[in-house]
Amino acid sequence: MLAEYIPLVWLFGLCGAVVASIMVATTLLGPSPDDLEEADGGPTPKSQAFECGSEPIGQARQRFSVKFYLVAISFIVFDVEAVFVIPWAVVFRDLGWYGFWTMLVFLVVLTLGLVYEWKSGGLEWD
Amino acid sequence: MSKSDIKKLGRKFRKVVLDTSERLGMDTALIDKDAVREILEYLRDEEKMQYNMLRHLTCVDYLHRDPRFEVVYVLYSMSNKTQVVIKAAVPEDDPTIDSVHDLFGCANWAEREVWDMYGVDFKGHPDLRRILMYEEFDGHPLRKDYDKQASQPRVELRKTERDAIEEFKTFHKQQPEQGSRS
Amino acid sequence: MTAEIEHDDINDLHTEPMLLNMGPSHPAMHGTVRMVLTLDGETVIKVDPEIGYLHRGFEKECEHATWTQVFPYTDRLNYVSPLLNNFGFALAAEKLLEIEATPRCNTIRTIMGEVSRLSDHLTCVGAGSLELGGFSAFLYAIEGRELIWDLTEEVTGARMTVTYARIGGLKDDITPDFADSWRVKRERLLEIIDDVDKLLTKNRIFLDRMQGTGIISQEDAISYGYSGPCMRSTGIDYDLRKDHPYFAYGDIDFDVPVGTTGDNFDRYLIRMEEMRQSIRIIDQCVAKMPDGPVNCDDPRVVLPEKERVYNSIEGMINHFKIIFEGIQVPAGEIYSYTEAGNGELGYYVVSNGTGNPWKVSVRSPSFYHMPAIHKMIEGAMIADIIPTFDTINMIGGEIDR
Amino acid sequence: MNFIDVALIPLLKIGVIVFGFAMLIGSMLTLAERKQSAYIQRRKGPNRAYLFRKDLRLNGLFHLIADGLKMLLKEDFVPHGANRKLHLLAPMLGLMPAMVIFAIVPFMDYACTGAMAAPIAGKDYCFPEELGALANAPLAELSNPLFNADLNHWFQVANIHSGLLYIFAVTGLAVYGSAIAGWASNSKFSLLGGLRASAQMISYEVSMGLSLAGILMIYGTLDVNELVREQGELLFGFLPQWGIVLQPLAFFLFLTASIAESKRAPFDMPEAESELVAGYFTEYSAMKFAVFSLGEFVTVVFIAAIVSTLFLGGWQVPWLYADGFHFTAASMPSAVAAQQLTVEAAQSALTANTNFAPDIALPYWLVVALRIGGFVTKVLLMCFLQLQFRWTVPRFRYDQIMHLGWKILLPLSIANLLITALVILLV
Amino acid sequence: MAAQTVTLERQKRGFWVQTYLPEIFKGMGVTLKHFFGAIAKPSENIVTVSYPEEQRPYPARYRGRHRLMVREDGQVRCVACMCCSTICPANCIHIEAAEHDDPSVEKYPETFVIDQLRCIVCGLCVEACPCDAIRMDTGVHCSPFIAEDTDDFNALEGELRARERAFYARDLLMEAGDHSRAVQGGRRSF
Amino acid sequence: MPKCKINGKSITVERGTTIIQAAAELGFDIPHFCYHPGLSVPANCRMCLVEVKGARKLLPACYTQVSDKMEVQTDSERVVQSRRAVLEFILVNHPVDCPICDQAGECKLQDYYMDYDTQESRLRTPKVSKVKVYPIGPEVVYDGERCILCTRCVRFCDEITGTNELTVVERGDRSEIRTFPGRELDNNYSMCTVDLCPVGALTSRDFRFKCRVWLLKSTDSICAGCSRGCSIHMEQHRSEVQRYRPRYNPEINDYWMCDAGRLSYKELHRDRMLKPLINGAAYTWPQVAEKGAALLRESIDALGEEGADKVGFVFSPQSSCEGLYMARRFAEEALGCTRHYVGGRPHGDQDDFLIQRDKNPNRNGLLLQFPRGQRPQPFEQLLADMESGQIKILYMMGSEVPVEGAQAERFRELLRELDLFVLQAPRGDGLDELARVILPASTHAEQRGTYINCDGVAQQTREAFKPLGSSLPDWQIAMKLAARLGAPLTTTFIAKLQEEMWEAMKANAQPAPEAPEAETTEADDDAPEEAAAP
């Protein structure tokens, strides 16, 4: 059985090697950057992160909007749904009406969740 | 139409309207600079005039003349389609005048430009910064005694960036409800 | 329950505001403006536009130039429609000199002005599409603009920096085959406008981006001195060509489109419609082009014909005096206004009676549109800045002067 | 388990399919996109690069080489304050998933080394030369490589039974590339781009998964090869039973969701150049930058491949079966009969009944070639369509994308699922 | 009333607009039309001009590189009256006058240099010339660089040389010159 | 005292005043070609015809004297008509020469054409050809076609110089100005005819084709050619003086100036030293002040107790009073030097009109810097002192020496023997090779300064352009060095310095010379006060 997965091992290995060698190649072949750091360890104008030519204000790595987390949480809920639905779908013909009703209940519960999130503004962006 | 407006203005504010003229189709009133808010507000709100749009705000530097500056307000009436020009004389030794940014929204930037270019200080302006030149610029370039070819030393780092960090901090402090829940 | 939730939780879902410099070197900032944005996630809380990156000292230069030498500078104000700036200044100087351009000159100015307006609007609509990701519509519009610039080049000798107007007239008469040239280009332009229309106007993605974003109210528009398509989008029919006709506009039949809500989509629609109206205006002008001289008959102002200059001392003296002294404009001051691509282009010109203007102050439409941008952007999302900023059509050369 | 099976054949397949096809088409697309957009926009497009002679330009073909070399020789720049390791890792994570996902894309059915493969009810069966133990097995066993040694999956890197799950698994990985790139760069534009990318990709993954449920219900398998085989059946006796025919809504849902997954216009929010300059790869240069865009293009090829596989019949050429064209179901044994037959009975039924001859008989190698060609054509067409799409429509706003994903695609795919279930049960 | 106001009514979005698809297909139709048009008839439908090989003809009025007209005897027409350098808004014309051996000429430009990089191509100099000595109708645009010379940019020295090449001196400007029909110094009789 | 009305305005004038003068007093400009206030009045151009009430014909305003109750119209229709006619006549034979004519830009003909004529040419016959580029004198070129025969030049030679070289020959439209046979226009003031010529018929050989006049920027200044110090317009283009033009000053030079003085502007740009040098190495001013002061201090100290006594200081009568005042204070307070000498150019020719024997413009100013009795000694004394070794250190202002020939050679030799030679001058004149410290000073064209001429009239120069190179006005150099030598001269602004200077000069001179009228003529007052660099 597992023999089918042997090509995958090869594939992952090969792709990884190719991508890594590209990375190494570009680092080696391109001109090596210089004066990326001021004497005090600060960035030179060249090595500064891009902010339209102005000096960046504040930190780039800060807490970002909670809405992004909301999406992540919603994703978990609905991706779990997908995880349940897909095996069910594959064997759906065998399950027949019984399978339909059970899944309907499951889906309704989840859809209610979606409706609640929708109504409470969890899917709004401003 | 606006001719009578300018006359009416002259009659109503006899003391502060120094001169009126109508040359080249420009209905102009020269006024005392202290009355600028009063007159502009009157022109804007008066039922029959409704000069509700400030078309242009600029300043002219008449070097060697007293008063040296003239701040010019070009007003337009949207309903009557007429225009008047109000000029306020500003002397060289006291280059200040009242701001009208709350009467006309566009005066905000226009006044900043006049400050930048001529150094006329608008009292009551909320944010009188330079607008076209950089903060560190020395002098007011459109004054007639500023040499056209004058050059200024290169500025190493612009202060505004630093200020923006300060501003960020104060913003953060003043409006904690806008910040994170902490 | 919903309301409760909104009060208790949603408003509380803010995070640290992020300060972001958008511009000056940012693809959507038209090269020359910087906006310091305070962001909450994707929402803009506060915007502080900063201009001046393209400041060239236009007004200072003008004070040191002769009246004629100002024209090359005006080309560089709104560099997308240089002819309109040219004519605006010519009109101001003529008002000061109290001379009138000839009917033929006025008609040509009307034509070329509208040609420039077409290029302005095509650029604006195209760039708007580009910045929303619709690259093809942009390039179709640019193709149209190229056609227009070809036409401009045929007439003026240059594509952008035309220096075509002169006080009291024009550099040259219109080309003899202008009408034919226009007829060909007009067909293609209409096709292009239709293509852009098909790609954008009813596309829901485009509608979602444009409708209901960047709204300015009538009161704000008046208070901030809005003009042009931005003013008309709010429903106020403020168009100087209609209210105070100049050049040949008084005799020409055209519509002034106005919007209803003052949002980006209205401004887009108005520009699309104005392009069609411009074509209509040019058609009428081409049809009834008056004969006669182009330059007015005033030896103080207009250079004598070359034939006279080469062959008679009188012409030569006249020529010399105008060249080295400049046109002597009588002392006085004037606020002269024309309807440029973006709105009211005013020149406040003061003369002290010499060959150099004492002051030339430009009321550029963009300079009056930009201060109110916070009214349109604050509370919207970052992405809304893009169409809003575009339909305002800020032109760096014009705002920074 | 010999060396040839374990190493040589897989490596050969990887070489041809992943590097020879996916990567090649992907990198060709970089040029194709520019050329195509040029023609759309009445331009000429890139045509300057030349090889050896100045007039040897081939209309810009050498830009492929020139651009690659240029990217390779550019300065590799890491901004100050960036996390160097993650900064390096991110592009690799951007390209890797797009490449490894090709493992399960079937370019052809198994190659039958035994007796002539023949269609029964729209499906090909490979009869071994010697039926042997299979003679009494149900017909379905013919497709099982455990029993039928003559099945050779030469046209698919890994013949995994749960191929679709593998797809979901690997696309899930793609999020990391852009998210890490956005965070590692220490730039606000990158950060916003990375956040957008991750939120958008995970949002659309839900719809993507659910929109496929209908397909799964109909064909009842997770094996990609089997899915394609099922699509060869004829509906109403003449219409190939492709996914798009049975699940038109799911087709649009899946296409939309997968384009959104690939972060291309009109879903290119994470890299929206007019807002975020270049989004999560703002701070990337040289080949690192190119790897991101290469990843994007390989994803385009992959999406084209998977959409073709799931909805456009994969390697199926309409009415073409192992022995030639059958334009109606009447020229094949019917499905109900076929399923109950043993292998031996089926073979004898096939050979006995002259009615089951193909309408146009073709040699097997030609059928193989046509099918591979057909699949490649479909993939290219879908690539073209995606590129065309990009040059036509403006881009969404960020909240509109989330709106589309959560409020339109998700409910629609749930509805699609239920309706499909109902239809299946009722019909 | 010549101009009238027209209010642009906003159409309600129909169902099909809301479904995205028809309008997107319509848009695709436009782009596909152009795509196949460009492939089928490149000469008509591709508007790009591949610049160095193909060149668009400039219209007759096009203001290009300057040229100095010459007299019948091949000498420069210019008499160094400085009108052009006076009116030039960019100060790009530098003239040094000198006394000519021929008393009928009297004055000629010993040095006449136009800095083509400073020139803003406004054409005022042509208008200001009282002798028909300077013209901009060459139809060659003011590029001081020649394609083969781009290698010079590798070095600073090369850049400086390139800057120098932008200074078009009298003889170079005269190369494109031609006889003018205008009479020098005026016709003496009519 | 007749009282008349011109254009409706009344004025009372002295008897004998002409209409043109009276009108000018009222601000009415009557066009004229042949009339010149400094010359006799021939009334031959007919340009200034005005309408006088009661007179049948138009009367020449330059000639007609104002009488009581006269009513004059200077711009009536008739007058303008007549002017147009006159101009048309003049232009009939005028060549199309503006492009090559130096006068274009200050040409009366051009001005009047634009003001009064602006009609097209009606000429249908050939123009008369006359002589062109005729060398009428060594400094002046004549163009017969441009000449309008106003005879100003002829009258100038008759009345002012009395040399009588010029006359009008031929008649009618063939008339030309010529010199008498065997002579040429060669006198000390011949170039004044160029100024006088209202058109471009007489042009200066020196200024010819050098620069268009409309590009020139004019500054009021003085001529430094001799101690007369004629008032001039100094006209420069791009920081280079192109010419001098006499400026009307009845106290000094009226309308005139001599040719030598007129050409003396060349001195301003000849052989300029533009960088401060110490031992041949160039430095910035702060460095030079530092090192130069140290060098002076060391050299003085090296000479022992009596070191200061061996320092000689040469003052230049070419410098302005301000420079000399500061130099004196510098010499006395900072160096402690008491041996003062006078440099400057040697004497030359003189005549009985303007040219003075003393070729230094500010000798009077120099002398006034010192109290009577302490006046600096002559240059010959310096030579003697150097010869006898009493001077070991020499600080010299100005590179001119009033000795010539062998003495000058000897001076150069003596300079070589010095311990230290500091030269503070605009020009090197060969002395810069001998100096260890070179301090470039700016000329009178580049600074504000006061000069007192041979008659004791003080005049001010103004800054026509910024000092060339790194040169500085004398007074600023003195201040820079003095600050480093520990004896700071505290003045920062030139106005304050001038006040102090006048106090000192008044004290030194009895009777005190008058401070100059602030500005003599139409002065642009906006030249910023230059502040000494701190």
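Below you will find a few notes about this structure. (Residues numbered from 1 in each chain as written. Chains lettered and ligands numbered in written order. Predicted model: local features only at pLDDT ≥ 70, side-chain atom pairs only at ≥ 80, totals over all residues. Heavy atoms only, no water.)

**Topic: the overall build of chain C**
Phase 1 of the analysis: For chain C, the helix and strand inventory stands at 18 helices and nine strands.
Phase 2 of the analysis: The C-alpha atoms of chain C give a radius of gyration of 23 Å, which matches the 21 Å a tight globule of 401 residues would have.
Phase 3 of the analysis: Taken along its principal axes, the extent of the C-alpha atoms in chain C is 90 × 45 × 35 Å.
Phase 4 of the analysis: Within chain C, the fraction of its 401 residues that count as buried is 75%.
Phase 5 of the analysis: Put simply, of all contacts in chain C between residues at least 6 apart along the chain, 70% involve residues at least 24 apart.
Phase 6 of the analysis: Accessible area of chain C: about 9,900 Å², with a carbon and sulfur share of 52%.
Phase 7 of the analysis: Of the charged side chains in chain C, 37 are positive and 63 negative, and the gap between their average positions amounts to 5 Å. (Helix = DSSP H or I, 4+ residues; strand = E, 2+ residues; numbered from the N terminus. Rg over C-alpha atoms; globule rule 2.2 N^0.38 Å. Buried < 20%, exposed > 50% of the residue type's maximum accessible area, 1.4 Å probe, protein only. Contact = heavy atoms within 4.5 Å. Areas by Shrake-Rupley, 256 points an atom, 1.4 Å probe, with all protein chains shown as cover. Lys, Arg positive; Asp, Glu negative; His and termini not counted. Charge placed at Lys NZ, Arg CZ, Asp CG, Glu CD.)

**What about the packing of aromatic side chains?**
Phase 1 of the analysis: Following the criterion strictly, the structure yields 60 aromatic pairs over all chains and no others.
Phase 2 of the analysis: Here the aromatic rings of phenylalanine 102 of chain D and phenylalanine 302 of chain D are separated by 6.2 Å at their centres, their planes lie at 75°, and the arrangement is edge-to-face. Of the two residues, phenylalanine 102 of chain D sits in the loop between α3 (84–100) and β1 (111–112) while phenylalanine 302 of chain D sits in helix α10 (residues 286–311), which places them 200 residues apart along the sequence.
Phase 3 of the analysis: Exposure remark for phenylalanine 102 of chain D: the relative accessible area of 0% places this residue in the buried category.
Phase 4 of the analysis: Relative accessible area serves as the criterion here: at 4%, phenylalanine 302 of chain D is assigned to the buried category.
Phase 5 of the analysis: By the ring-pair criterion, three or more aromatic residues cluster together here, those being Phe87, Tyr164, Tyr246, Phe247, Tyr249 and Phe254 of chain C.
Phase 6 of the analysis: Of note, lysine 95 of chain C hangs over the ring of tyrosine 337 of chain C, and the distance from its end group to the ring centre comes to 5.0 Å.
Phase 7 of the analysis: The ring of phenylalanine 367 of chain C carries arginine 401 of chain C above its face, with NZ or CZ at 4.9 Å from the centroid. (Phe/Tyr/Trp six-rings, centres within 6.5 Å; stacked < 30°, edge-to-face > 60°. Lys NZ or Arg CZ within 6 Å of the ring centre and 35° of its normal.)

**Things to note about the pattern of salt bridges**
Phase 1 of the analysis: For the structure shown, the criterion picks out 107 salt bridges over all chains.
Phase 2 of the analysis: Close ionic contact of arginine 159 of chain C with glutamate 153 of chain C constitutes a salt bridge, the shortest N to O distance being 3.2 Å.
Phase 3 of the analysis: Here glutamate 153 of chain C falls in the buried class, since its relative accessible area comes to 1%.
Phase 4 of the analysis: A salt bridge links arginine 208 of chain F to glutamate 106 of chain E; the nearest nitrogen and oxygen atoms lie 2.9 Å apart. Here arginine 208 of chain F, found in the loop between β10 (202–204) and β11 (217–222), pairs with glutamate 106 of chain E, found in the loop between β3 (93–99) and β4 (107–115), and the two come from separate chains.
Phase 5 of the analysis: For glutamate 106 of chain E, a relative accessible area of 2% gives the class buried.
Phase 6 of the analysis: A single salt-bridge network, built from bridges that share partners, covers Glu99 and Glu106 of chain E together with Asp97, Lys132, Asp143, Glu145, Arg146 and Arg208 of chain F. (Salt bridge = Lys/Arg side-chain N within 4 Å of Asp/Glu carboxyl O.)

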